[in-house]
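The residues making up each chain are set out below.
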Amino acid sequence: MSERTSWRAMREEIMNRPGAGAAYEAARIRFELGEAVRLRREALGMTQVQLAAAIGMRQPAVARFEAGGTMPTIVVLERFAEALGMRLTVELEPLDKAS
């Protein structure tokens, strides 16, 4: 019978694999972008169907994006921003200043 591993130990093992840090960072960015869109959409009282119609997408694509399942292009982010009454800002900052 195998010994159980704690979540912390399991995560540490996975994060030590080559490329894991970059994959984790990409997933974090997708999640944060999707969450920002969802929160703004909900604050405006819009449904996913309404947002999808406003940006020329289908509702399942909006749902996948909000869940962090896709990495959009800048053009798609601009469409989301416009439909949500926002301005898209993209920044590059030195790694030693990034949080």
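Structure first, text after, so check above.
Residues numbered from 1 in each chain as written. Predicted model: local features only at pLDDT ≥ 70, side-chain atom pairs only at ≥ 80, totals over all residues. Heavy atoms only, no water.

Draft legend 1. Summary view of the packing of aromatic side chains. For the structure shown, the criterion picks out 1 aromatic pair. Pairing Phe65 with Phe80 gives two aromatic rings, centres 4.5 Å apart and planes at 20°, and the pair type is stacked. Pair noted here: Phe65 is in helix H4 (residues 59-66) and Phe80 is in helix H5 (residues 74-83), with a separation of 15 residues, a long-range link. (Phe/Tyr/Trp six-rings, centres within 6.5 Å; stacked < 30°, edge-to-face > 60°. Helix = DSSP H or I, 4+ residues; strand = E, 2+ residues; numbered from the N terminus.)

Draft legend 2. Highlighting the pattern of salt bridges. Inspection of the entire model under this criterion finds 5 salt bridges. A salt bridge links Arg28 to Glu32; the nearest nitrogen and oxygen atoms lie 2.7 Å apart. Pair noted here: Arg28 and Glu32 are both in helix H2 (residues 20-43), with a separation of 4 residues, about one helical turn. Judged by relative accessible area, which is 40%, Glu32 ranks as partly exposed. Note that Arg41 is salt-bridged to Glu66, the shortest N-O span being 2.6 Å. You can see Arg41 sitting in helix H2 and its partner Glu66 sitting in helix H4, a full 25 residues away along the chain. Assessed through its relative accessible area of 8%, Arg41 is described here as buried. The class for Glu66 is buried, based on a relative accessible area of 7%. Connected through salt bridges with shared partners, the residues Glu25, Arg28 and Glu32 form a single ionic network. (Salt bridge = Lys/Arg side-chain N within 4 Å of Asp/Glu carboxyl O. Buried < 20%, exposed > 50% of the residue type's maximum accessible area, 1.4 Å probe, protein only.)

Fair warning: the whole summary comes from geometry, so function is off the table for now.
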